[in-house]
Amino acid sequence: MSEKTTTRGRPRSFDRTAALDAATRVFWQKGYTAASMNDLCEAMGIGSPSLYAAFGSKEQLYAEALRHYGERGAPQLFEALESAPTAKLGIEAFLRFAARVLACPDNPAGCMVVLSSVASEGVTSLAEMVVQARKTSLKLLEARLQRGIKEGDLPKGTNVKALARFYVTVHQGMSIQARDGTSTKDLDAIATTAMQAWPVG
């Protein structure tokens, strides 16, 4: 079957999940605006008609890529946070796990959600998705800290919102550092330093 006869839809060999994974990596590395349709089609191994038939538009593809990224990485990150026996160990596990994955040579460096700049690129619907994803991280850290107070391993007077925001900010900074080439070892050292700010009482 020639390329011309497949332009109405997807090629018979089309693997949607593999194509979405490839698109996610392009957006992760380049961002929404800098990722061209040629970049996406080349990485996904399909023509633009097939891309539009499968995903609707570049904007819709990015939205799916954000969800795909979250589904593949977030569960392990937040499992590290939740499964630790204390809030302190949970936050530390969260940061140390991030240090490993943010600089993993098998993937683009940094966090796709943290590094996304769609909010400043005028794509309102996508900007809201990114903001909500960032807020989810903050809420999960707040919940783990609240649990720590309830279980007695964090002082009762702790400003949970401020502490959660501090560690989210550390994570976001680690993501930017990773994109700039910082190694896992050096990111892990940032985690060690950040844990020195843990409230004592």
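- Looking up the chain in an unreviewed UniProt entry gives the name TetR/AcrR family transcriptional regulator, with the organism given as Luteolibacter soli.

Things to note about the overall build of the chain
For step 1, the next point in the chain: On a plain count of helices and strands, the chain comes out with nine helices and zero strands.
For step 2, the next point in the chain: Ordered by position in the sequence, the α and β elements of the chain form the string α-α-α-α-α-α-α-α-α.
For step 3, the next point in the chain: Projecting the C-alpha coordinates of the chain onto the three principal axes gives extents of approximately 70 × 30 × 30 Å.
For step 4, the next point in the chain: Classification of the 201 residues of the chain by burial places 42% in the buried group.
For step 5, the next point in the chain: In the chain, 69% of the contacts between residues at least 6 apart in sequence involve partners at least 24 apart.
For step 6, the next point in the chain: Total accessible area on the chain stands at roughly 10,600 Å², and carbon and sulfur atoms take up 53% of it.
For step 7, the next point in the chain: The averaged location of the 20 negative side-chain charges in the chain is 3 Å from the averaged location of its 24 positive side-chain charges.

A few points about helix H5 (residues 87-102)
For step 1, the next point in the chain: A rise of 1.5 Å per residue sets the reference length of H5, with its 16 residues, at 22 Å; its end C-alpha atoms lie 22 Å apart and thus fit the reference within 8%.
For step 2, the next point in the chain: Those residues of H5 that fall on the buried side of the exposure criterion are Ala-87, Gly-90, Ile-91, Phe-94, Leu-95, Phe-97, Ala-98, Ala-99 and Leu-102.
For step 3, the next point in the chain: Where H5 is buried, its residues meet helix H4 (58-83), helix H7 (124-151), helix H8 (160-179) and helix H9 (184-195).

Notes on the confidence of the model for the chain
For step 1, the next point in the chain: Mean pLDDT for the chain: 91, with 93% of residues reaching 70 or above.
For step 2, the next point in the chain: Every residue in residues 1-8 is under pLDDT 50, and counting partners more than four places away or in other chains gives six contacts.

Concerning the packing of helix H1 (residues 16-30) against H4
For step 1, the next point in the chain: Remark: H1 packs on H4, axes separated minimally by 9 Å, with the N-to-C direction vectors making an angle of 95°. It follows that H1 is roughly perpendicular to H4 by the angle criterion. Facing H1, whose interface residues are Arg-16, Leu-20, Asp-21, Ala-23, Thr-24, Arg-25, Phe-27 and Trp-28, H4 presents Lys-58, Leu-61, Tyr-62, Glu-64, Ala-65, His-68, Tyr-69 and Arg-72.
For step 2, the next point in the chain: Its residues placed into classes, the contact of H1 with H4 shows eight nonpolar, two polar and six charged.

Quick word on helix H3 (residues 48-55)
For step 1, the next point in the chain: Among all positions in H3, only Ser-50, Leu-51, Ala-54 and Phe-55 are buried. Projection of H3 onto a plane perpendicular to its axis shows the buried side chains occupying an angular sector of 105°, all on one side.
For step 2, the next point in the chain: Where H3 is buried, its residues touch H1, helix H2 (37-44) and H4.
For step 3, the next point in the chain: At the exit of H3 stands Gly-56, carrying a positive phi of roughly 90°.

Re the pattern of salt bridges
For step 1, the next point in the chain: Counted according to the given criterion, the structure contains eight salt bridges.
For step 2, the next point in the chain: Between Asp-21 and Arg-72 there is a salt bridge; the shortest N-O distance is 2.8 Å. Within this pair, whereas Asp-21 is found in helix H1, its partner Arg-72 is found in helix H4, the two being separated by 51 residues in sequence.
For step 3, the next point in the chain: For Lys-161, the salt bridge is made with Glu-142, and the minimal N-O distance between the two is 3.7 Å. With Lys-161 in helix H8 and Glu-142 in helix H7, this residue pair connects regions lying 19 residues apart in the sequence.
For step 4, the next point in the chain: What makes Glu-142 buried here is its relative accessible area of 14%.
For step 5, the next point in the chain: Through salt bridges with shared partners, one network takes in Glu-82, Arg-147 and Glu-151.

Side note on the state of the cysteines
For step 1, the next point in the chain: Counted under the stated rule, the structure contains zero disulfides.
For step 2, the next point in the chain: Free cysteine Cys-104: the closest other cysteine sulfur is in Cys-111, separated by 14 Å.

Definitions and cut-offs
- Residues numbered from 1 in each chain as written.
- Predicted model: local features only at pLDDT ≥ 70, side-chain atom pairs only at ≥ 80, totals over all residues.
- Heavy atoms only, no water.
- Helix = DSSP H or I, 4+ residues; strand = E, 2+ residues; numbered from the N terminus.
- Buried < 20%, exposed > 50% of the residue type's maximum accessible area, 1.4 Å probe, protein only.
- Contact = heavy atoms within 4.5 Å.
- Areas by Shrake-Rupley, 256 points an atom, 1.4 Å probe, with all protein chains shown as cover.
- Lys, Arg positive; Asp, Glu negative; His and termini not counted.
- Charge placed at Lys NZ, Arg CZ, Asp CG, Glu CD.
- Expected span 1.5 Å × (residues − 1).
- pLDDT = per-residue confidence, 0-100.
- Axes fitted to C-alpha atoms, helices over the stretch in contact; angles between N-to-C directions.
- Parallel < 35°, antiparallel > 145°, perpendicular 65-115°, else oblique.
- Nonpolar A, V, L, I, M, F, W, Y, C, P; charged D, E, K, R; others polar.
- Arc of directions from axis to C-beta.
- Salt bridge = Lys/Arg side-chain N within 4 Å of Asp/Glu carboxyl O.
- Disulfide = S-S within 2.5 Å.

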